[in-house]
Amino acid sequence: MALKCGIVGLPNVGKSTLFNCLSNAKAQSANFPFCTIEPNVGVITVPDERLNKLAELVHPEKIVPTTVEIVDIAGLVKGASKGEGLGNKFLANIRETDAIIHVLRCFDDPNVVHVDGSVDPVRDREIIDAELQIKDLETVDSRISKVQKQAQTGGDKQAKLIYEVLVKYKETLEQGRNARTVALETKDEQKIARELFLLTNKPVLYVCNVDEASAVRGNTFVDRVLESVASEQVEILVVAAGIESEIAELDTCEEREMFLAETGLEESGVNRLIKAAYKLLNLETFLTAGPQEVRAWTYRKGSKAPQCAGVIHTDFEKGFIRAEVIKYDDYIRYGSEAAVKEAGKMNVEGKDYVVRDGDIMHFRFNV
């Protein structure tokens, strides 16, 4: 399941620094705009403490975590929708992602140039939102021109529904609001919306990049961001990219844990960001555990057992018979698969079983 998040933001807000912390790929980072031109791509592992705990019991040959692809997209500027900076290319890169991580500068530093001359994360957010909205409005207007006549005079019910959805988006975008704020009532409307691939309809995680002193509790910049997005269904995360850079340079887990304790953080911002991005994509994890490997598998939240079996191999889904399911807590409590079975805690589930995050699965199939 190749899913990707795109990191966006104005130049010099800490995007590439954050990306470098997230992946082993080293994006160029410098104190001037347009340092990042081509999108850098990194495949990052999703931290999951459950894998290590299972491995302590199972002693597998290897541990295989799940992953998410992160794309560092070059800094957008005002006018990007009209091709300013390197706008058209950047907007095309955003369109190819499943979700957006929008980095906002929430720190003062006279040594780091701001492209607009002052630090104002709310203004910065509105600049990028406006550029994405303009591009979405172009998409919507183009589709309306193709379907309007058929919808109004042709008696085509589907065309009429598409037109009604497009008009909702047009009205919202013209008011300077993002497409994700539009309430769609039916599955048919939601399907039409997905097929439009609107930029401002993508799920968003706002990352407030703060200074070290604000890493734990945030600051007034963060408070203003929170207030400005209160009406939208978005996630906000506070991260100090400077601290994350220092953590990334440490060699051992013990050193990292000591560093986090000294700064008052329970978990690194990078780990929190990866987990938040995973959640943003509406993803969950089921597990498999055996002598060869303990492994995490990615699936869409709400998927049923056959679909999850297909994540491992298409034949598993085609020939699905049943799923043997152990809850993670039960496996840890009893210490082995055999002990779980003996305690009667392994469930046999059919095609309608909705998989839960952390389920340890064994699929029976016949092709």
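Please refer to the structure placed before this passage.
Just so you know, these numbers come straight off a predicted model, no measurement behind them. (Residues numbered from 1 in each chain as written. Predicted model: local features only at pLDDT ≥ 70, side-chain atom pairs only at ≥ 80, totals over all residues. Heavy atoms only, no water.)

A.B. asks: I would appreciate a short explanation of the overall build of the protein in the present structure.
C.D. replies: Within the protein, the secondary structure is distributed over 14 helices and 12 strands. Expressed as a percentage of the 367 residues in the protein, the buried residues total 49%. Within the protein, contacts between residues separated by at least 24 positions form 69% of all contacts whose residues are at least 6 apart in sequence. Taken as a whole, the protein presents about 18500 Å² of accessible surface, with 48% of it coming from carbon and sulfur. (Helix = DSSP H or I, 4+ residues; strand = E, 2+ residues; numbered from the N terminus. Buried < 20%, exposed > 50% of the residue type's maximum accessible area, 1.4 Å probe, protein only. Contact = heavy atoms within 4.5 Å. Areas by Shrake-Rupley, 256 points an atom, 1.4 Å probe, with all protein chains shown as cover.)

A.B. asks: What is the right way to read the pattern of salt bridges from this model?
C.D. replies: Where side chains of opposite charge bring their charged atoms close, a pairing between them can arise. A full pass over the atoms with the stated rule returns 23 salt bridges. Two residues, Lys170 and Glu174, come together in a salt bridge whose shortest N-O distance is 2.9 Å. Here Lys170 and its partner Glu174 are both found in helix H5 (residues 157-174), four residues apart, which amounts to about one turn of the helix. Overall, Lys170 belongs to the partly exposed group, its relative accessible area being 23%. (Salt bridge = Lys/Arg side-chain N within 4 Å of Asp/Glu carboxyl O.)

A.B. asks: Sorry, what's going on with the pairing of strand E6 (residues 204-209) here?
C.D. replies: Each regular strand carries side chains that alternate between the two faces of the sheet. Within E6, six of the six residues are buried, which leaves the element mostly enclosed by the surrounding structure. Of the two faces of E6, the one lined by Val204, Tyr206 and Cys208 and the one lined by Leu205, Val207 and Asn209 are each fully buried. With six bridges connecting them, strand E5 (residues 99-105) and E6 associate as parallel partners. By the bridge assignment for E6, Leu104 is matched with Cys208. (Pairing = 2+ DSSP bridges.)

A.B. asks: Looking at this structure, how should I read the side chain of Gln133?
C.D. replies: Inspection of the secondary structure puts Gln133 in helix H4 (residues 121-153). With sequence-adjacent residues up to four places away left out, Gln133 is seen in contact with Leu173, Gly176, Arg177, Asn178 and Thr200.

A.B. asks: How do you make sense of the sheet that holds strand E2 (residues 40-45) when you look at a structure like this?
C.D. replies: Strand pairing in a sheet relies on backbone hydrogen bonds. The paired strands run either parallel or antiparallel. On the basis of which strands lie adjacent, the open sheet formed by six strands has the order E2-E4-E1-E5-E6-E7 and mixed pairing. With partners counted over all chains shown, the strands left at the sheet margins are E2 and strand E7 (235-239), one partner each. On average, each strand axis in the sheet is tilted by 25° relative to the strand beside it, whichever way the strands run. Strand contacts of helix H1 (residues 15-22): strand E1 (4-8), E2, strand E4 (67-72), E5, E6 and E7, with the helix running at about 155° to E4, the strand carrying the most contacts. (Axes fitted to C-alpha atoms, helices over the stretch in contact; angles between N-to-C directions.)

A.B. asks: Help me understand the nonpolar core, please; the structure alone is not making it clear to me.
C.D. replies: Soluble globular proteins: nonpolar side chains tend toward being buried together. Formed by 60 residues in total, the largest nonpolar core has its most connected members in Ile70 and Ile101. Apart from residues no more than four positions distant in its own chain, Ile101 is found in contact with Cys5, Gly6, Ile7, Val8, Ile70, Leu205, Val207, Leu273 and Ala277. By size, the runner-up hydrophobic cluster in this structure holds 20 residues, among which are Val140, Ile144, Leu173 and Ala179. (Core = buried A, V, L, I, M, F, W, Y, C linked by side-chain atoms within 4.5 Å.)

A.B. asks: What am I meant to see in the environment of Val204 here?
C.D. replies: With respect to the helices and strands, Val204 occurs in strand E6. Residue classification places Val204 among the buried residues on the basis of a relative accessible area of 3%. Here the alpha-carbon distance between Val204 and Ala99, two residues 105 residues apart in the chain, equals 6.1 Å. Once residues within four sequence positions are removed from consideration, Val204 is found in contact with Ile100, His102, Arg180, Val234, Glu235 and Leu280.

A.B. asks: Where do I start with a negative patch on the surface in this structure?
C.D. replies: There is a patch of like negative charges on the surface, built from Glu249, Asp251, Glu254, Glu255 and Glu257. No other element matches helix H9 (residues 253-263), which puts three residues into the negative patch. Among the structural elements, Glu255 can be located in helix H9. (Patch = residues over 30% accessible without salt bridge, like charges linked within 9 Å, V, L, I, M, F, W, Y side chains within 5 Å. Lys, Arg positive; Asp, Glu negative; His and termini not counted. Charge placed at Lys NZ, Arg CZ, Asp CG, Glu CD.)

A.B. asks: Any chance you could explain H5 here in plain terms?
C.D. replies: An ideal rise of 1.5 Å per residue puts 26 Å on 18 residues; H5 measures up with 26 Å between its terminal C-alpha atoms. When we look at burial in H5, the residues that qualify are Ala159, Leu161, Ile162, Tyr163, Val165, Leu166, Tyr169, Thr172 and Leu173. Contact partners of the buried residues in H5: H4 and helix H6 (187-196). Where H5 ends, the next residue or the one after it, Gly176, has phi of about 80°, a positive value. (Expected span 1.5 Å × (residues − 1).)

A.B. asks: What exactly am I supposed to notice about the packing of H4 against H5 here?
C.D. replies: The packing of two helices is summarised by the inter-axis angle and the distance between the axes. Running from amino to carboxyl end, H4 crosses H5 at an angle of 150°, the nearest separation of the two axes being 8 Å. Classed by the angle they form, the pair H4 and H5 counts as roughly antiparallel. The crossing of H4 and H5 is left-handed. Each of Gln133, Asp136, Leu137, Val140, Asp141, Arg143, Ile144, Val147, Gln148, Gln150, Ala151 and Gln152 in H4 lies in contact with H5, whose residues at this interface are Ala159, Lys160, Ile162, Tyr163, Leu166, Val167, Tyr169, Lys170, Leu173 and Glu174. (Parallel < 35°, antiparallel > 145°, perpendicular 65-115°, else oblique. Left-handed = near helix turned anticlockwise from the far one by under 90°.)

A.B. asks: In this structure, what is going on with H9? I would like to understand it.
C.D. replies: Because each turn of an α-helix spans 3.6 residues, side chains separated by three or four positions in sequence point in the same direction. Looking only at H9, the buried set comprises Phe259, Leu260 and Thr263. Projected onto a plane normal to the axis of H9, the buried residues spread over an arc of 100° and lie on a single side. Facing away from the buried side of H9 by more than 90 degrees, the exposed set consists of Glu254, Glu257, Met258, Ala261 and Glu262. The inward-facing, buried residues of H9 contact helix H8 (241-249). With its phi angle positive at about 85°, Gly264 sits one or two positions after the end of H9. (Arc of directions from axis to C-beta.)

A.B. asks: Help me understand unusual backbone geometry, please; the structure alone is not making it clear to me.
C.D. replies: Backbone phi values are negative for most residues with the exception of glycine, while trans is the configuration of most peptide bonds. Even without glycine at this site, Asn12 takes up a positive phi of about 65°. Inspection of the secondary structure assignment puts Asn12 in the loop between E1 and H1. What makes Asn12 buried here is its relative accessible area of 14%.

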